[in-house]
Structure formats: structure tokens, C-alpha cells
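# Remarks on the overall topology
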Amino acid sequence: MPCLPWLSVLWLLPLAGAGLVIVLPAGGQALAKWTGLLLSLATLAVAVVVTVGFDSTASGEPYQFVESHSWIPAFGAGYTLGVDGIAVVLVLLTAGLVPLLMLAGWNDGGARSRGSHAYFALTLTVESMVLISLVSLDVLLFYVFFEAMLIPMYFMIGGFGNGARKSQAALKFLLYNLFGGLIMMASVIGVYVVSAGNVEGSTGGTFDFRALVTAFAPGSTTVDPNMLKLLFAGFMFAFAVKAPLWPLHRWLPDAAVEATPATAVLMMAVMDKVGTFGLLRYCLQMFPDAATYFRPTIVVLAVIGVVYGAMVAIGQQDIMRLIAYTSISHFGFIILGIFVMTSQGQSGSTLYMVNHGLSTAAVFLIAGFMVSRRDGKRAIADFGGVQKVAPVMAGTFLVAAMATLSLPGLAPFISEFLVLLGTFNRYWLAAVIGTIALVLSSIYMLWLYQRVMTGPVRPGSERIRDLVPREAIVVAPLLALLLFLGFYPKPVLDIINPGVTHTMTTIGQTDPAPLTAEGAR
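In this report, the structure presented in the accompanying data block is examined. Within each chain, residues carry numbers counting from 1 in the order of the written sequence. Owing to the predicted nature of the model, reporting of local features is limited to residues with pLDDT of at least 70; listing and counting of side-chain atom pairs is limited to 80 or more, with chain, interface and lining totals taken over all residues. Hydrogens and water are ignored here; the side-chain numbers use all heavy atoms of the structure.

Now for the side chain of Thr-326. Within the fold, Thr-326 resides in helix α14 (residues 319-339). Using a 1.4 Å probe on the protein chains alone, a residue whose accessible area is under 20% of its type maximum counts as buried, one over 50% counts as exposed, and one in between counts as partly exposed. For Thr-326, a relative accessible area of 2% gives the class buried. When checking whether two residues touch, look at their non-hydrogen atoms; a contact exists if any pair is within 4.5 Å. Dropping the residues within four chain positions of it, Thr-326 is found in contact with Ala-313, Thr-404, Tyr-444 and Met-445. Each helix is a run of DSSP H or I of at least 4 residues and each strand a run of E of at least 2, with the numbering of both proceeding from the N terminus.

Rendered as C-alpha cells:
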């Protein structure tokens, strides 16, 4: 048992830090920045303690560092925290990215009074709410912070964005996600109501995730299967908006383009992972029969998202919008791996969440550094020959771009390969279409690099200077991790796999027999 409530410290530290940053003297812009950065590093240290202390070889209870306290006894809600291997790696990703994003967005607070205070406090608040969402084992507790994280992100997009339509993009982001959250709220209430009388030792309802998994287990629950399908649909809709899954993705490109690059990465690489994490934990484990029933439909939507994101990206003339659409394709792969319900697919999807966070952060931030040197111009046609004037920037962008298209030897290749492998034995046609999408990703990323980085130096591009030390400090660890995990993903998979095994056991699924050439016909 841990000697300290590490999970409480994990999420409360950045939240308390946000309060501290916001009350610092108005003239202390530098103090606010350094305080926020040091607190994010302290949160990373706690995340490392949790990761190192997590025993991936332990048998029995899959959740470790468990904390359980009464919260609202009348509603069966508790302050219950715990992590499995899936949550641990996402906690580490979140805590690791935030300090880098603070450095990348060091000047995003602007010159206005207390601008940096607000920006860094909002970043810490988002981090705190994402972390408690990942470690919560109470459905109501999860829902509260799943919704609450929208507010600071709304202000980060609308208040600190670079685009001319930042207010509209922020509102669109908020409305889409709030609507999904309202649908989920109905399901959260429904879960409490239908759990009454189905929880062992209690006649009332509960929000305890572990008790609900047992109460709704196939073959032992007395709840109407059609009701469970409706409850599943409510959770699924909210997570599909957050993830996002086609066709509920329309808010993402606008929000990513109008926000600052650091804010966009915080949204796509950190906050949106709560959506895919929710699919894997809540949708599958609480409603296994309903998830199996809807599986073909969700797989089809995921495959459409994979191809759609890639094809639309090819036609973009805006650098940042092109990269934003690649994330829609990548989220399609993640959701595909989750819902094919194979161990390879789910391990690949969880690893993909980590690798997508690293690769998206790298490519989006480097592109953002380049765009900032052209006074915010984002059109591909405005650039050319950048590798001649900024060779380090061009070289790091090339590595990040190759990671985005899953080049062998870089981290996303392993996760994408596992997803396709897990998909093939269940839905071979979906795997074939997904593989074709990889060819499309090669087209849009290589074409982008060719038009922006190679050829003669276009007018205006000669003013682009190379990465400065602060920017190099941001990019270097991202590229190093992409290379390391590309050749040696075992440490991360060793943590993930027991959590995936528990999920597969909980939902009553086993890996199908390998599909032979005869069986594919």
C-alpha cells in the first residue's frame, strides 16, 4: 500500500498550482511562468513515482494506489481513485507533455496585464482535470471533471488563440462537447437508477465503477439489455465527440487552427485522450454486450474516419489545418483498435494514444514555431526552401512528419501495426482499408514537407530563423521518445498489457483464431 495518497497529490498539485499562479502579483509575468513550469515539473515527478511504483506483474486486483472515501453517501457516490496499466501510461503522457507545452507557449499569454498568469493557470487546471479523469473509479466523479475541463480549454482557445475566428471556434468546441456531455449525463443518471438492487450488499444505486462492472456483467444482471444499450449509447456519444469520431469531428479542425499551437496540442494530445480512454474503460467494461452489439457500426465509423481524415488532409492549403485533420485519421485508428476487441488491437490503441501524443506534439509545435516566424501566415504557398535557412527546424520537422505517417523505426509504426494486426483477424476488410490509408498519409506528409521545406526560398521565408534553445528543449525529448519507443516499446507495453488482459476478461472476449488466406476469401 502506498504511504501517501499519491493519486490525490497527483491531481491536486496542479490545481493548487493554478490557484497560486493566478494570485501572484500582476507585474510578475516571469514569476508566474516559472512558478507554473516548476509546478508542472513537480506533477511530473509525482507521475513518475506512481509509474515506478506500479507493479505490472501483480495478480488479482487490477487497480493500484487505490483511495476510497465517502463523498455523497445519499447518491452512492464516492471519492474513489485507482490506476491500472492503461491509466498509468496516459497519466505519465499528460504529466510529461504539460511542461513541454508550457515552454512551447512561453509567450502565449501576451503582453497584457496578468495574461501569463491566466494562461499558465488555465493550463495547470486542464492538466489537473485530465489527471483526475484518468484515475477516477467513480462514474459521477469522472463525469464532473470530464465536463469541467471544457471551461478552461474554452478560455484558452477563445482568450489566447491566434486566429481571427478564435471566438467562434471556442464556442463551437464548447457547444459540441457540452451537448455530448448532456447526453452522457442522462446515461450517468440512468446507470445510478438501474444499478439499484443489482449491487451486492446494497439496495440503492451506486456510481462505483467496479461495482457497476459486476452489476452489469453478462449473464448475471437483471437489467433489461435494451436499457443497457441506451446507456451505452449515451456514454459512447459523449466520448465520440471528445475523441473525436467521424462524423462528430467538425469542431476539432477549427479549434486546433484558431488556438495557439501549444493549446492545440494540449487539446488534441492530452484532453482528447480522455475520450478514447473513456471508450476503453467505461463503454466496454460497463456495457460489454451493448459494445459487442454496436461493434460493427463503430468499426465502420472508425474506418471512415481513418480514410476521411487522410483524404481531407491531402486537399488542405493551410499547414495547421492539414495537421489537425491527420489527428482525425489517427483517432479513427485508436477507436478501431479498441472496438475490434482483440488484445493486439487494444494494446495497440493504448500505445497509439501515447505515440499520437508525442508525434502530434512534435509536428504541430514545430509547424507552429515556423508559422510564428511568418507573422502567423499558415498557407502552404507562403513557404518554400525553409531547409536552406533553418536546417535544424526542417530536419526535426521531417522526423516528426515521418512519425506521423508511421515510418518503421519510429514509435507510431508499432502501435499502428498492432491495431491493424488485431483488426485483421476480426475484420480483415477494415484492416485492408486502414492499410490503404497509410499510403494516403505518406502523400499528405511528404507533399507538405516538399512544398514547405524544399525548393527555392520563397519571398518572406528568408526571414525564418532556426530553432532557438527554448524550442530545441521542447522538441528534443519528443523526438528522442519517438525514436526510443520506435525500436523498444516493451517497457510501455509491459505496463499496458495486464490492463488490456483485464479488459478482455471483463468483457468476455478472446482473440479469434488467426485468419488464413482461405478464411479471408
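Our focus in this paragraph is the pattern of salt bridges. We define a salt bridge as a contact between a side-chain nitrogen of Lys or Arg and a carboxyl oxygen of Asp or Glu at a distance within 4 Å. Across all of its chains, the model carries six salt bridges by this definition. The partner of Lys-490 in a salt bridge is Asp-494, and the shortest N-O contact between them spans 2.7 Å. Here Lys-490 pairs with Asp-494, and both are found in helix α21 (residues 490-506), just four residues apart, close to one helical turn. Bridged by salt links that share partners, the residues Lys-172, Asp-254 and Arg-321 form one connected network.

With that out of the way, let us pick up the nonpolar core. For this analysis, a nonpolar core means a set of buried residues of the types Ala, Val, Leu, Ile, Met, Phe, Trp, Tyr and Cys, connected via side-chain atoms within 4.5 Å. In this structure, Phe-173, Phe-235, Met-267, Phe-287, Ile-319 and Phe-339 are the most contacted members of the largest nonpolar core, which totals 193 residues. What Ile-319 contacts, discounting residues up to four positions off in sequence, is Ala-367, Met-370, Arg-378, Ala-379, Ile-380, Phe-383, Leu-448 and Val-452.

Next up on the list: helix α17 (residues 391-404). By this rule, a helix spans an expected 1.5 Å times one less than how many residues it contains. With 14 residues, α17 should cover 20 Å at 1.5 Å per step; its first-to-last C-alpha distance of 20 Å lies within 8% of that length. Listed in full, the buried residues belonging to α17 are Met-393, Ala-394, Thr-396, Phe-397, Ala-400, Ala-401, Met-402, Ala-403 and Thr-404. Tucked into the core, α17 has its buried residues touching α14, α15 (343-372), α16 (386-389), α18 (411-424), α19 (428-453) and α20 (469-487). Directly beyond the C-terminal end of α17, a positive phi value near 65° is found at Ser-406.

Here we take up the packing of helix α5 (residues 139-148) against helix α7 (residues 166-195). To get an axis, a line is fitted to the C-alpha atoms, and for a helix only the part in contact is used. The angle between two axes follows their N-to-C directions and goes from 0 to 180 degrees. The N-to-C vectors of α5 and α7 enclose an angle of 170°; their axes lie 10 Å apart at closest approach. Between α5 and α7, the crossing angle belongs to the class labelled roughly antiparallel. Pair α5 / α7 crosses with left-handed handedness. Together, Val-139, Leu-140, Phe-142, Tyr-143, Phe-146 and Glu-147 of α5 and Asn-177, Leu-178, Gly-181, Leu-182, Met-184, Met-185 and Val-188 of α7 make up the contact between the two elements. Each residue receives one of three labels: charged for Asp, Glu, Lys and Arg, nonpolar for Ala, Val, Leu, Ile, Met, Phe, Trp, Tyr, Cys and Pro, and polar for the others, Gly being one of them. For the contact of α5 with α7, the per-class residue count stands at 10 nonpolar, two polar and one charged. The scheme is simple: roughly parallel for angles under 35 degrees, roughly antiparallel for over 145, roughly perpendicular for 65 to 115, oblique for anything else. Two helices cross in a left-handed way if the nearer one is turned anticlockwise from the farther one by less than a right angle. They cross in a right-handed way if the turn is clockwise.

Judged by how many residues are buried, strand β2 (residues 77-83) sits mostly within the fold: seven of seven residues are covered. Here β2 shows two buried faces, one formed by Ala-77, Tyr-79, Leu-81 and Val-83 and the other by Gly-78, Thr-80 and Gly-82. By this definition, two strands are paired if DSSP reports at least two bridges between them. Of the strand pairs in this sheet, strand β1 (residues 64-72) and β2 are connected by six bridges, and their pairing is antiparallel. Following the sheet pairing, Glu-67 is matched in β2 by Leu-81.

Below, the discussion takes up α19. Relative to the 38 Å expected for 26 residues at 1.5 Å per residue, α19 spans 38 Å between its end C-alpha atoms, a close match to the ideal helical length. Buried within α19 are the following residues: Ala-430, Ala-431, Gly-434, Ala-437, Leu-440, Ser-441, Tyr-444, Met-445, Leu-448, Tyr-449, Val-452 and Met-453. Of the surrounding elements, those touching the buried residues of α19 are α13 (288-314), α14, α15, α16, α17 and α18. Downstream of α19 by one or two residues, Gly-455 has phi in the positive range, about 80°.

Looking now at the packing of aromatic side chains. Between 30 and 60 degrees the pair is tilted, below 30 it is stacked and above 60 it is edge-to-face, where a pair is any two Phe, Tyr or Trp rings, Trp via its six-membered ring, whose centres lie within 6.5 Å. Evaluated as defined, the whole model comprises 27 aromatic pairs. Measuring from ring centre to ring centre gives 6.5 Å for Trp-246 and Tyr-308, while their planes differ by 55°; the resulting arrangement is tilted. Pair noted here: Trp-246 is in the loop between α9 (225-242) and α10 (251-258) and Tyr-308 is in helix α13, with a separation of 62 residues, a long-range link. Residue classification places Tyr-308 among the partly exposed positions, given a relative accessible area of 26%. When the centroid spacing of 5.0 Å and the interplanar angle of 90° are considered together, the rings of Tyr-293 and Phe-294 count as edge-to-face. Since its relative accessible area comes to 52%, Tyr-293 is described here as exposed. Look at Phe-294 and you get partly exposed, because its relative accessible area is 26%.

Below, the discussion takes up the environment of Ile-495. The topology assignment puts Ile-495 in helix α21. Owing to a relative accessible area of 17%, Ile-495 belongs among the buried residues under this scheme. Apart from residues no more than four positions distant in its own chain, Ile-495 is found in contact with Thr-51, Phe-54, Ser-56, Gly-85, Val-88 and Val-89.

With that settled, the discussion passes to a nonpolar patch on the surface. Together, Phe-424, Trp-428, Leu-429, Val-432, Ile-433 and Ile-436 give the surface a local cluster of nonpolar side chains, amounting to about 490 Å² of exposed area. Considering each element in turn, the nonpolar patch owes the most residues, five residues, to α19. Turning to its location among the elements, Ile-433 is positioned in helix α19. For Ile-433, a relative accessible area of 31% puts it in the partly exposed group. Exposure above 30% relative accessible area and the lack of any salt bridge qualify a residue for a patch; like charges then connect within 9 Å, and the nonpolar side chains Val, Leu, Ile, Met, Phe, Trp and Tyr within 5 Å. Areas reported as accessible are Shrake-Rupley estimates using a 1.4 Å probe. Residue values count occlusion only from the protein chains shown.

Bringing the packing of α5 against helix α6 (residues 150-160) into the picture now. Across the interface, α5 lies against α6 with an axial gap of 5 Å and an inter-helix angle of 10°. Looking at the two axes, α5 sits roughly parallel to α6. Counting all contacts with α5, which are made through Phe-146, Glu-147 and Ala-148, the residues of α6 involved are Leu-150, Ile-151 and Pro-152. Residue composition of the contact of α5 with α6, grouped by class: five nonpolar, no polar and one charged.

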